[in-house]
Amino acid sequence: MSRGRARAVRAFAVLCFLIAGAGVATLPTMLVGPQWQAFMIDCDDGCRAKPQPLDQLSPEVRHVIANLPEASERMIAAMAEPYWWWRLLGIQMLDALPFTLLFFSVGMALWRFGNRQEHRDWSGMRWLQRATAAGIAMAIAEPLAQMLRDAVFLGAMTDVGAFSYSIEFTLIIERLLLACAAWAATWALAAGLRARGDLAEIV
């Protein structure tokens, strides 16, 4: 790999590290302002950030809770109660950690591929294998976390004991198929690298 391409690969690796850092940064945000998990920039009277707690909900549940009086204020108040806060923190960890591990692993793989060290291909491939495993976990964890988050806020703000929830299994299956295809491809490439290394030792 030429120096220019190696620099470009490492630049993309740094971008992946930044994205991974943004993902893990959502966890300490839960300590100081969980309502800021979703926000918008309001420029009607000077541009400033404005929390949008309702945007954390799925469209169906958002419609139910938005019709409640002072929905946003009550939702923010529920986030501050320890009984609900701990549940939301656990859900956020379920949502954020696979995402963070995916981009961190991809970043590490690109960084290894961009180096000129010996055995860089094998080291980078191992990180790609971790990335594909994180992708499989993320395909399942994201919709599960959204369903649990909706259930928590419905329990905190309404008297609903049970609710129906529609899950887009087609989208989940598509993500799983893509993640599994990437997993199979990386393992096949890893087997090829291992065989090439064994052949080089024999020769």
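Residues numbered from 1 in each chain as written. Predicted model: local features only at pLDDT ≥ 70, side-chain atom pairs only at ≥ 80, totals over all residues. Heavy atoms only, no water.

Overview of the overall build of the protein
Part 1: Along the backbone of the protein there are seven helices and two strands.
Part 2: In sequence order, the secondary structure elements of the protein are arranged as α-α-β-β-α-α-α-α-α.
Part 3: Counting all 203 residues of the protein, 33% fall into the buried class.
Part 4: Sequence-distant contacts, at least 24 apart, represent 65% of the contacts inside the protein between residues at least 6 apart.
Part 5: Carbon and sulfur atoms provide 65% of the accessible area of the protein, an area that totals close to 12,400 Å². (Helix = DSSP H or I, 4+ residues; strand = E, 2+ residues; numbered from the N terminus. Buried < 20%, exposed > 50% of the residue type's maximum accessible area, 1.4 Å probe, protein only. Contact = heavy atoms within 4.5 Å. Areas by Shrake-Rupley, 256 points an atom, 1.4 Å probe, with all protein chains shown as cover.)

Details of the environment of Leu97
Part 1: Within the secondary structure, Leu97 is located in helix α5 (residues 82–113).
Part 2: Between the C-alpha atoms of Leu97 and Leu27, which are 70 residues apart in sequence, the distance is 9.3 Å.

Some thoughts on the packing of helix α1 (residues 3–24) against α5
Part 1: For the pair α1 and α5, the least separation of the axes is 8 Å and the interaxial angle reads 165°. On the basis of their axis angle, the class for α1 and α5 is roughly antiparallel. The handedness of the crossing between α1 and α5 comes out as left-handed. For the pair α1 and α5, the contacting residues are Val9, Arg10, Phe12, Ala13, Val14, Cys16, Phe17, Ile19, Ala20, Gly23 and Val24 in the first and Ala96, Phe99, Thr100, Phe103, Phe104, Val106, Gly107, Met108, Leu110 and Trp111 in the second.
Part 2: When the residues that make up the contact of α1 with α5 are grouped by side-chain class, the tally is 17 nonpolar, three polar and one charged. (Axes fitted to C-alpha atoms, helices over the stretch in contact; angles between N-to-C directions. Parallel < 35°, antiparallel > 145°, perpendicular 65-115°, else oblique. Left-handed = near helix turned anticlockwise from the far one by under 90°. Nonpolar A, V, L, I, M, F, W, Y, C, P; charged D, E, K, R; others polar.)

Describing the confidence of the model for the protein
Part 1: Averaged over every residue, the pLDDT of the protein is 80; the share at 70 or more is 82%.
Part 2: Mean pLDDT in the protein bottoms out at strand β1 (residues 39–42), which sits at 70, and peaks at α5, which reaches 90. (pLDDT = per-residue confidence, 0-100.)

Some details on the nonpolar core
Part 1: Of all hydrophobic cores here, the largest spans 19 residues; its most connected members are Leu57, Ile65, Met75, Leu88 and Phe153.
Part 2: Going through the elements one at a time, α3 (59–66), α4 (71–80), α5 and α6 (120–157) are the ones with two or more residues in this core.
Part 3: In terms of nonpolar packing, the next biggest core, distinct from the first, is built from six residues, Ala109, Phe113, Trp127 and Ala190 among them. (Core = buried A, V, L, I, M, F, W, Y, C linked by side-chain atoms within 4.5 Å.)

Considering a nonpolar patch on the surface
Part 1: Among the surface-exposed residues, Phe12, Val14, Leu15, Leu18 and Trp111 lie close enough to one another that they form a single nonpolar patch of about 490 Å² accessible area.
Part 2: Broken down by element, the residue count for the nonpolar patch peaks at four residues, all from α1.
Part 3: Inspection of the secondary structure puts Val14 in helix α1. (Patch = residues over 30% accessible without salt bridge, like charges linked within 9 Å, V, L, I, M, F, W, Y side chains within 5 Å. Salt bridge = Lys/Arg side-chain N within 4 Å of Asp/Glu carboxyl O.)

Description of the packing of aromatic side chains
Part 1: As enumerated under the stated definition, the model contains five aromatic pairs in all.
Part 2: An angle of 45° between the planes, with centres 5.7 Å apart, marks the rings of Phe17 and Phe104 as tilted. Separated by 87 residues along the polypeptide, Phe17 in helix α1 and Phe104 in helix α5 bring together distant segments of the chain.
Part 3: Taken together, Phe17, Phe104 and Trp127 form an aromatic cluster joined through their ring pairs. (Phe/Tyr/Trp six-rings, centres within 6.5 Å; stacked < 30°, edge-to-face > 60°.)

Some thoughts on the side chain of Arg149
Part 1: Within the element layout of this structure, Arg149 appears in helix α6.
Part 2: Judged by its relative accessible area of 5%, Arg149 falls in the buried class.
Part 3: At a separation of 3.4 Å, a polar atom in the side chain of Arg149 contacts the side chain of Gln92.
Part 4: If we skip the residues at most four places from it in the chain, Arg149 touches Gln56, Leu88, Ile91, Gln92 and Asp95. (Polar contact = N/O pair within 3.5 Å; in protein donor to acceptor, adjacent residues only side chain to side chain.)

Structural notes on α1
Part 1: The terminal C-alpha atoms of α1 lie 31 Å apart, and with 22 residues this matches the ideal 32 Å at 1.5 Å per residue to within 8%.
Part 2: Those residues of α1 lying buried are Ala6, Val9, Ala13, Cys16, Ala20 and Gly23. Projected down its long axis, α1 shows its buried positions confined to an angular sector of 85°, all on one face. The exposed set on the far side of α1, more than 90 degrees from its buried face, consists of Arg3, Arg7 and Leu18.
Part 3: Where α1 is buried, its residues touch α2 (26–32) and α5. (Expected span 1.5 Å × (residues − 1). Arc of directions from axis to C-beta.)

Side note on the pattern of salt bridges
Part 1: Counted by the stated rule, this structure contains two salt bridges.
Part 2: Residues Asp95 and Arg149 are paired through a salt bridge, measuring 3.3 Å at the closest nitrogen-oxygen approach. You can see Asp95 sitting in helix α5 and its partner Arg149 sitting in helix α6, a full 54 residues away along the chain. We note that Asp95, like Arg149, is buried.

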